[in-house]
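Spelled out, the chains give:
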Amino acid sequence: MKIRLLLILLLFVASVGVLVWLYDGKAFLPPKHARSTWHEITADLEACGHRKHLKARQYRHFAKIAAAEHQYPAERLFRAIACSEELQEQNLAAAIHRLGGNYTPPGDIALYGSSTAGNLERCIGIERYRFGRHSDAEIRRVMSRGNRYAARLQVWAAANDLRQIVLLESLERNSASGFAVCPRCGNLYATTYLDRYCPHCLTAGEEFIRFE
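Residues numbered from 1 in each chain as written. Predicted model: local features only at pLDDT ≥ 70, side-chain atom pairs only at ≥ 80, totals over all residues. Heavy atoms only, no water.

## Remarks on the overall build of the protein chain
1) Next: Broken down by element type, the protein chain carries six helices and three strands.
2) Next: Going from N to C terminus, the protein chain has its helices and strands arranged as α-α-α-α-α-α-β-β-β.
3) Next: For the protein chain, with 212 residues in total, the buried portion stands at 42%.
4) Next: Within the protein chain, contacts between residues at least 6 apart in sequence are counted, and of these 69% link residues at least 24 apart.
5) Next: Working note: accessible area of the protein chain is about 12900 Å², and carbon and sulfur atoms make up 58% of it. (Helix = DSSP H or I, 4+ residues; strand = E, 2+ residues; numbered from the N terminus. Buried < 20%, exposed > 50% of the residue type's maximum accessible area, 1.4 Å probe, protein only. Contact = heavy atoms within 4.5 Å. Areas by Shrake-Rupley, 256 points an atom, 1.4 Å probe, with all protein chains shown as cover.)

Here's what the structure looks like:
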């Protein structure tokens, strides 16, 4: 009888210990080496910001070459793309800071360039090759974490990459000459088809930065 009571008492003590352990939350802690969701999001935002920084520097370089060759429509588009990329990089950096991280732009950058015609052809090929290769996975990851603020910036960045391809191809066909950039989200336009309000962030068209 005493042994049975002792076993019951031991089981009771063990049960209380398990309940305390569960209540304390130790059973639900992630593994020590697991990356936090915030770290994954800020890492993706930083990678996107680095791509924007590199593209802005490269297109600024292309614009100088186009100006020297008196290829002014190309110069305007290259400057507009660089401006757009810089604005989007600033938005991504701000998002990283809001999420508790720190953004550092990439360091030394090796720029390339040939004639404006060669730069334009190469840009189209590179942009088409790169389009969606990083952004699709990054957007899916941030959406799965439920962070709509970060997802919106990633979607804006991807949409702008596609817009750049369209405008570069239009320039190659000599069917575009003036361009505009939304100062808030970096959305890029041909002025021939300029919206009255930016469809991404609703900024009024009068505030757009013009390259004409």
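Back to the write-up after that little detour.
## Structural notes on the packing of aromatic side chains
1) Next: Counted by the stated rule, this structure contains five aromatic pairs.
2) Next: Ring centres of Phe 62 and Phe 78 lie 5.6 Å apart, and the angle between their planes is 55°; on these two criteria the pair is classed as tilted. Of this pair, Phe 62 sits in helix α2 (residues 37-68) while Phe 78 is found in helix α3 (residues 72-98), placing the two residues 16 residues apart along the sequence.
3) Next: Through pairs of rings, three or more aromatic residues link up here, namely Tyr 59, Phe 62, Phe 78 and Tyr 112.
4) Next: Over the aromatic face of Tyr 149 sits the side chain of Arg 98, whose NZ or CZ is 4.3 Å from the ring centroid.
5) Next: The lysine or arginine in question, Arg 163, covers the ring of Tyr 189, its NZ or CZ lying 5.3 Å from the ring centre. (Phe/Tyr/Trp six-rings, centres within 6.5 Å; stacked < 30°, edge-to-face > 60°. Lys NZ or Arg CZ within 6 Å of the ring centre and 35° of its normal.)

## Some words on unusual backbone geometry
1) Next: At His 70, a residue that is not glycine, the phi angle is positive and equals roughly 60°.
2) Next: Of note, His 70 is situated in the loop between α2 and α3.
3) Next: Residue classification places His 70 among the exposed positions, given a relative accessible area of 56%.
4) Next: The phi dihedral of Leu 202 falls on the positive side, at around 70°, and the residue is not glycine.

## Considerations on the nonpolar core
Most often, soluble globular proteins have nonpolar side chains that are buried together.
1) Next: Ranked by size, the top nonpolar core spans 23 residues in total, and within it Tyr 59, Leu 77, Phe 78, Leu 168 and Val 181 carry the most contacts.
2) Next: Elements supplying a minimum of two residues to this core: α2, α3, α4 (116-130), α6 (148-172), β1 (179-181) and β2 (188-190).
3) Next: Sorting elements by how many residues they give to this core places α3 first, with eight residues.
4) Next: Beyond its immediate sequence surroundings of up to four residues, Val 181 is in contact with Ala 80, Cys 83, Ser 84, Leu 87, Gly 186, Asn 187, Leu 188, Phe 208, Ile 209 and Phe 211.
5) Next: By size, the runner-up hydrophobic cluster in this structure holds 22 residues, among which are Cys 48, Leu 153, Trp 156 and Phe 208. (Core = buried A, V, L, I, M, F, W, Y, C linked by side-chain atoms within 4.5 Å.)

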